[in-house]
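Observations on the model geometry
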Amino acid sequence: GEEINVWKPSCFITITLVSHACHAYLAKEKVTKLHFFLHDTISGDHPTTVPVAHPEGTVITPDNLVPFGAVYVLDDPLTDGPDLNSTVVGHAQGFYVSAGQKDLVLVVAFDFGFTSGEFNGSSISVFSRNPILESDREMPVVGGRGKFRMARGFAKLKTYFFNTTSGNAVVEYNITVFHY
């Protein structure tokens, strides 16, 4: 790499710049495409998403399931098909916050941990704004672990099913991940 000398009054520092092409120790960069369905269940006998906080004076009701400022924690199954009885390929674990005062917008932090197949034990992480009433949307992949170490990429989301009364939803994910 190229060396740059930086002088500071109390010391002299040498910084070595490493270009992107010098990641030989990580192996060749790969591109992986993932497809699965997330099942977000916030009502019924066995919810996979639960409210953990909401603003004082706010009540979570069937007609206001995700009020502004509410925080939910989730452990949602990921399946290979849209039916909940499809093969489970992992779980989304994390949280979301209702961040829209006028529109239903969530800020989400999810870790998609895979429990079967080639990526068993690996995960990818997303963190972004999610305007859930838009049928098609996108979120960035901001990291990963295991086979997805140093992951980056994007997730294309499409609402497959949404029940406005219960708040339960099935969301289709098509993810493109760049990793080593």
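Residues numbered from 1 in each chain as written. Predicted model: local features only at pLDDT ≥ 70, side-chain atom pairs only at ≥ 80, totals over all residues. Heavy atoms only, no water.

What follows deals with the overall build of the chain. Of regular secondary structure, the chain possesses 0 helices and 11 strands. Going residue by residue from the N terminus, the α and β elements of the chain occur as β-β-β-β-β-β-β-β-β-β-β. The burial tally for the chain puts 38% of its 180 residues in the buried class. For the chain, the share of sequence-separated contacts (at least 6 apart) that also reach a separation of at least 24 residues comes to 46%. A total of about 10,500 Å² of accessible surface is found on the chain, and carbon and sulfur atoms cover 56% of it. (Helix = DSSP H or I, 4+ residues; strand = E, 2+ residues; numbered from the N terminus. Buried < 20%, exposed > 50% of the residue type's maximum accessible area, 1.4 Å probe, protein only. Contact = heavy atoms within 4.5 Å. Areas by Shrake-Rupley, 256 points an atom, 1.4 Å probe, with all protein chains shown as cover.)

Attention now goes to unusual backbone geometry. Negative phi characterises most residues that are not glycine, and trans characterises most peptide bonds. A positive phi is found at M150, a non-glycine position, where the angle reads about 60°. Judged by its relative accessible area of 43%, M150 is partly exposed.

Nonpolar side chains collect at one region of the surface, where V50, V52, V73 and F95 lie side by side and expose about 310 Å² of accessible area between them. Of the residues examined, F95 reaches a relative accessible area of 39% and is grouped as partly exposed. (Patch = residues over 30% accessible without salt bridge, like charges linked within 9 Å, V, L, I, M, F, W, Y side chains within 5 Å. Salt bridge = Lys/Arg side-chain N within 4 Å of Asp/Glu carboxyl O.)

Counted as a void, the largest pocket has a volume near 440 Å³. Forming the walls of the largest pocket are 28 residues, and the residues nearest its centre are V66, L104, I132, F162 and G167. The set of elements that each furnish at least two residues to the lining of the largest pocket consists of β3 (30-40), β5 (71-79), β7 (106-114), β10 (152-162) and β11 (169-179). Here the residues of the lining of the largest pocket sort into 19 nonpolar, 5 polar and 4 charged. (1 Å grid on protein atoms, 1.4 Å probe; cavity = no way out; pocket = protein on both sides within 12 Å on 5 of 7 lines; lining within 4 Å. Points joined across faces, edges and corners; volume = space filled by probe spheres on them. Nonpolar A, V, L, I, M, F, W, Y, C, P; charged D, E, K, R; others polar.)

The subject of this paragraph is the pattern of salt bridges. Considering all chains together, one arrives at 4 salt bridges under this definition. Here E29 and R152 are joined by a salt bridge, their closest N and O atoms 2.5 Å apart. Of this pair, E29 sits in the loop between β2 (11-17) and β3 while R152 sits in strand β10; the two residues are 123 residues apart in sequence, bridging distant segments of the chain. Accessibility expressed as a relative area gives 28% for E29, which makes it partly exposed. Here R152 falls in the partly exposed class, since its relative accessible area comes to 39%. One salt bridge in this structure joins K156 and E138, with 3.5 Å as the shortest N-O distance. A residue pair is termed long-range when its members are at least 10 positions apart, and K156 in strand β10 and E138 in strand β9 (residues 136-145) qualify at 18 residues.

Our focus in this paragraph is the pairing of β3. As defined by bridge partners, β3 adjoins β11 across 11 bridges and the pair is classed as antiparallel. Counted as the bridge partner of F37 is E172 from β11. (Pairing = 2+ DSSP bridges.)

Just distances and angles here, no functional claims.
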